[in-house]
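Each chain, written out:
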Amino acid sequence: MSDVSKPAGFYALKSLTPGAAQLHRLSALLTLVLLILGFALASPAFLSVNNSLTVLLQTSVIGLLGIGMTMVIITGGIDLSVGSVLALSGVITGMSVKAGLPVIPAMTLGVIAGGLCGAFNGFVITKLRIPPFVATLGMMLIARGIALQLTGAAPISQLGEAFGTLGNGALFRVVEMRDNGFPRVVFPGIPYPAILLLIVAIGAAYLLRRRQIGRHIYATGSNEEAARLSGVRVDTTKLYAYVMSGALAGLAGNVLMSRLVTAQPSEGVMYELDAIAAAVIGGASLSGGVGGVSGTMIGAFIIGILRNGLNMAGVSAFIQQIVIGFVVIGAVWIDQIRNRP
Amino acid sequence: MTEHPLVEMIDIEKHFGGVRAVEHVSLDLWPGEVVGVLGHNGAGKSCLMRILSGAMIPNGGEIRVGGKTVEFTEPNDARAVGIETIYQTLALADHLDAPKNLFLGRELKTRFGNLDDARMHEEAREVLARLNPNFKNLRDPVSSLSGGQRQVIAIARAIYFDTKILIMDEPTAALGPSETAMVADLIRQLRAEGIGIFLVSHDMHDVFDLCDRIVVMNKGKVVGAHAIEEVSKDDVLSLIVKGELPADWSARNLEAAL
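Residues numbered from 1 in each chain as written. Chains lettered and ligands numbered in written order. Predicted model: local features only at pLDDT ≥ 70, side-chain atom pairs only at ≥ 80, totals over all residues. Heavy atoms only, no water.

Taking an unreviewed UniProt entry as the reference, chain B is identified by name as Monosaccharide ABC transporter ATP-binding protein, CUT2 family belonging to Tranquillimonas rosea.

If you check an unreviewed UniProt entry, chain A appears there as Monosaccharide ABC transporter membrane protein, CUT2 family from Tranquillimonas rosea. Its UniProt record gives chain A the following Subcellular location (unreviewed entry) comment, quoted word for word: "Cell membrane". (UniProt positions renumbered as here; feature names shortened; annotations may be inferred.)

(A) Structural context of the packing of aromatic side chains. All names here are of chain B. One pass over the structure, following the stated rule, counts four aromatic pairs over all chains. Pairing Phe103 with Tyr160 gives two aromatic rings, centres 5.1 Å apart and planes at 75°, and the pair type is edge-to-face. Note that Phe103 is positioned in the loop between α3 (98-102) and α4 (117-131) and Tyr160 in helix α5 (residues 147-160), a separation of 57 residues in sequence. The exposure class assigned to Phe103 is buried, which follows from its relative accessible area of 0%. A relative accessible area of 27% means that Tyr160 is categorised as partly exposed. On the basis of an interplanar angle of 85° and a centroid distance of 4.8 Å, the ring pair of Tyr160 and Phe161 is categorised as edge-to-face. Overall, the relative accessible area of 17% leaves Phe161 in the buried class. Taken together, the aromatic side chains of Phe103, Tyr160 and Phe161 make up a single cluster linked through ring pairs. One cation-aromatic arrangement involves Arg106 over Phe161; the distance from NZ or CZ to the ring centre is 3.6 Å. (Phe/Tyr/Trp six-rings, centres within 6.5 Å; stacked < 30°, edge-to-face > 60°. Helix = DSSP H or I, 4+ residues; strand = E, 2+ residues; numbered from the N terminus. Buried < 20%, exposed > 50% of the residue type's maximum accessible area, 1.4 Å probe, protein only. Lys NZ or Arg CZ within 6 Å of the ring centre and 35° of its normal.)

(B) A look at the UniProt feature "transmembrane region" (unreviewed entry) in chain A. Residues annotated in UniProt with the feature "transmembrane region" (unreviewed entry) correspond here to residues 52-73, 103-126, 133-156, 190-208, 239-256, 276-306 and 313-334 of chain A. Secondary structure across residues 276-306 of chain A divides into 65% helix and 0% strand, with the first and last C-alpha atoms of the span separated by 15 Å.

(C) View of the domain arrangement of chain B. Residue and element names in this part refer to chain B. Here the domain parsing of chain B yields domain 1 (1-82 + 162-230) and domain 2 (94-161). Centre-to-centre, using C-alpha coordinates, domain 1 lies 25 Å away from domain 2. On the domain 2 side, the residues contacting the eleven residues of domain 1 number 13 residues. Sorting the residues of domain 1 by area buried against domain 2 places Arg79, Met182 and Leu186 first, and these three jointly supply 41% of that buried surface. On inspection of domain 1 and its partner domain 2, the count reaches zero salt bridges. (Domains from an automatic or database assignment. Contact = heavy atoms within 4.5 Å. Buried area = accessible area lost by both parts, 1.4 Å probe. Salt bridge = Lys/Arg side-chain N within 4 Å of Asp/Glu carboxyl O.)

(D) Just unusual backbone geometry, in detail. Residues and elements named next belong to chain B. Even without being a glycine, Leu90 presents a positive backbone phi close to 75°. Unusually for a residue other than glycine, Ala91 sits at a positive phi of about 50°. Take Ala91: it is sitting in the loop between β6 (83-86) and α3. Judged by its relative accessible area of 2%, Ala91 falls in the buried class.

(E) Representation of the pairing of strand β4 (residues 60-65) of chain B in the model. Residue and element names in this part refer to chain B. Taken together, the five bridges between strand β1 (residues 7-16) and β4 define a ladder with antiparallel strand orientation. Each bridged residue has a counterpart across the sheet, and for Glu8 the counterpart in β4 is Arg64. Note that β4 and strand β5 (residues 68-70) share three bridges and pair antiparallel. Note that in β5 the partner of Ile63 across the bridge is Val70. Hairpin connection of β4 to β5: two residues between the antiparallel strands, including Gly66 at a positive phi of 55°. (Pairing = 2+ DSSP bridges.)

(F) Spatial organisation of the sheet that holds strand β7 (residues 165-169) of chain B. Residue and element names in this part refer to chain B. Spatially, the six strands line up as an open sheet ordered β6-β7-β8-β3-β9-β10, and their pairing is mixed. In this open sheet, the two edge strands, each paired with only one partner strand, are β6 and β10 (221-227). For this sheet, the mean inter-axis angle between neighbouring strands, taken without regard to orientation, is 15°. Inspection of the sheet shows strand β9 (residues 213-218) paired to β10 by six bridges, in the antiparallel sense. Counterpart to Ile214 in the pairing with β10 is His226. The strands touched by helix α1 (residues 45-52) are β3 (34-38), β6, β7, β8 (196-200) and β9; relative to β8, the strand with the most contacts, the crossing angle is about 150°. The sheet contacts of α5 involve β6 and β7, and relative to β6 the element is tilted by about 175°. (Axes fitted to C-alpha atoms, helices over the stretch in contact; angles between N-to-C directions.)

(G) Main features of the side chain of Asn101 of chain B. All names here are of chain B. Examined against the element boundaries, Asn101 turns out to sit in helix α3. Since its relative accessible area comes to 0%, Asn101 is described here as buried. There is a polar contact of 2.8 Å between the side chain of Asn101 and the backbone nitrogen of Ala93. (Polar contact = N/O pair within 3.5 Å; in protein donor to acceptor, adjacent residues only side chain to side chain.)

(H) Representation of the interface of chain B and chain A. If you look at the interface, chain B gives 31 residues, while chain A gives 33 residues. Taken together, both faces of the contact between chain B and chain A bury some 2,700 Å²; the carbon and sulfur share is 52%. Joining chain B to chain A, the criterion identifies four salt bridges. A salt bridge links Glu74 of chain B to Arg233 of chain A, with the nearest nitrogen and oxygen atoms 2.6 Å apart. Counting the contacts that link chain B with chain A gives 18 residue pairs in polar contact (both at pLDDT 80 or more).

(I) View of the nonpolar core. Within the largest apolar cluster, 83 residues are counted, with the highest numbers of intra-cluster contacts made by Leu64, Leu65 and Ile67 of chain A. Ranked by the residues each element gives to this core, the list is headed by helix α3 (residues 49-74) of chain A, at eleven residues. If near-sequence neighbours (up to four positions away) are discounted, Ile67 of chain A is found in contact with Leu197, Val200, Ala201, Ala204, Leu248, Val293, Thr296 and Met297 of chain A. Counting residues in hydrophobic clusters, the runner-up holds 49 residues, among them Phe103, Ala184, Ile197 and Val231 of chain B. (Core = buried A, V, L, I, M, F, W, Y, C linked by side-chain atoms within 4.5 Å.)

(J) Structural context of the UniProt feature "domain: ABC transporter" (unreviewed entry) in chain B. According to UniProt, the "domain: ABC transporter" (unreviewed entry) feature falls on residues 7-244 of chain B. As annotated, residues 7-244 of chain B comprises 34% helix and 26% strand, and the C-alpha atoms at either end are separated by 26 Å.

Written out as structure tokens, the structure is:
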């Protein structure tokens, strides 16, 4: 946190004017367009309707995690537990369905479990005064451990068709029966996960820009002591951000498990890095006070398209890891440059 | 004049472990009065002011506002009874613009509970223009503003709301001469309106120029409380540094009184 009375902090922050933030988002958007162009040239199938929908599906999970992560990062924190919380939530939904609960209440239960993990993070950070990095690293192990313990490390399958609707269904899907008895997909429709992402993104943007809690999230990350002295309930604000991050991780878990129609306790490893990368590429600053949903959406699409495009181009999963690793470092490096005088 | 002081601090104590930051301090403030709170760093004056602004909870003692006992657990409690503070660090959120800072923690809302940024912007423009007609950068994050402009925002925030008691912690330390004069004029104007002001300052010129009374702290205790006419700059310096008045003070003062 920069001391407002020190000129050093003053000059360091001067580069973070709205102009600079917009420039950053613009350059991210440009990167996105270049990626799409590049992959389209490398592989003709990349721009096909079906592949575009796959990208949309893949991105929706990163996007949901990234929105929650953005809120946490704006408060000046970090949430390393989202990948594990995603798995735990999916497992809890899966087990609830197995126990006979209808799909919607079961999914609600999963999202609530995610929110509770977030609340625990928030409690440890604000009341026990443990740095977010350590607190959420602990939750990363705790949530993963619970998910594995509950399932005996085995995936829960045969969850029924209704469980798969959220992840595999689509709005405005047009299918016609051909003469030979096979269905032909005229228009594959808009996948539910993409619609869900859009709704969550609009909701989160509204919270951050038009509601008091959003203003307080920015103020807390910008200067925590100043926010406290101004009457902002800093602890409540942080707790809110971590609960949102946990609940959105739960939602992302439900989308992912529903797509697989299987509750996988080992799913979502390292997803937190994709989410952090999406937020930072989109202009969120790890030192707090800066960030936004629209930027994170661009970031999520960059990550999603990068993964998908590399797949389509036949690049091995190992090389993909290397590339994404460099992208994460590069994004944080750019953040550092922005914060330098 | 009301019959009660604006605020009374009675037998206030604050200690951190074995360190006694404030020991049995009592202090009052009347409407339209400027009281200088002096002392070198670590004398306990900032601590005392933080207790009064609700940013720090005392270990003992009582605070009365308008004759009624109050208890502050957070800054909002003190603001609710009309105590506003201008911190030396200004307590501004660097990434937010002036209107957002001015209303931080007390945002104006529309009927639906949304932030009413248009109204906040308009109100902020008015109050800032009153303090500094040249203030135009309402949309810039405050990190990009000059020290004087940042000070104006902090002052505007403290006087916009229904203020009765104002605590100013080194309000002129970061300012140039013309801005210092502006702050001095403002203090006189607020005093004329019946607002009570605690002025924490190192600047002897400001203190003698503006204060009606001074309270000097040393090692957590009040070592001197005097009307400004009773003391000279040397007397005050002696109180600050040694914790006592010069040996010849009472004789001198008696002479002056006669």
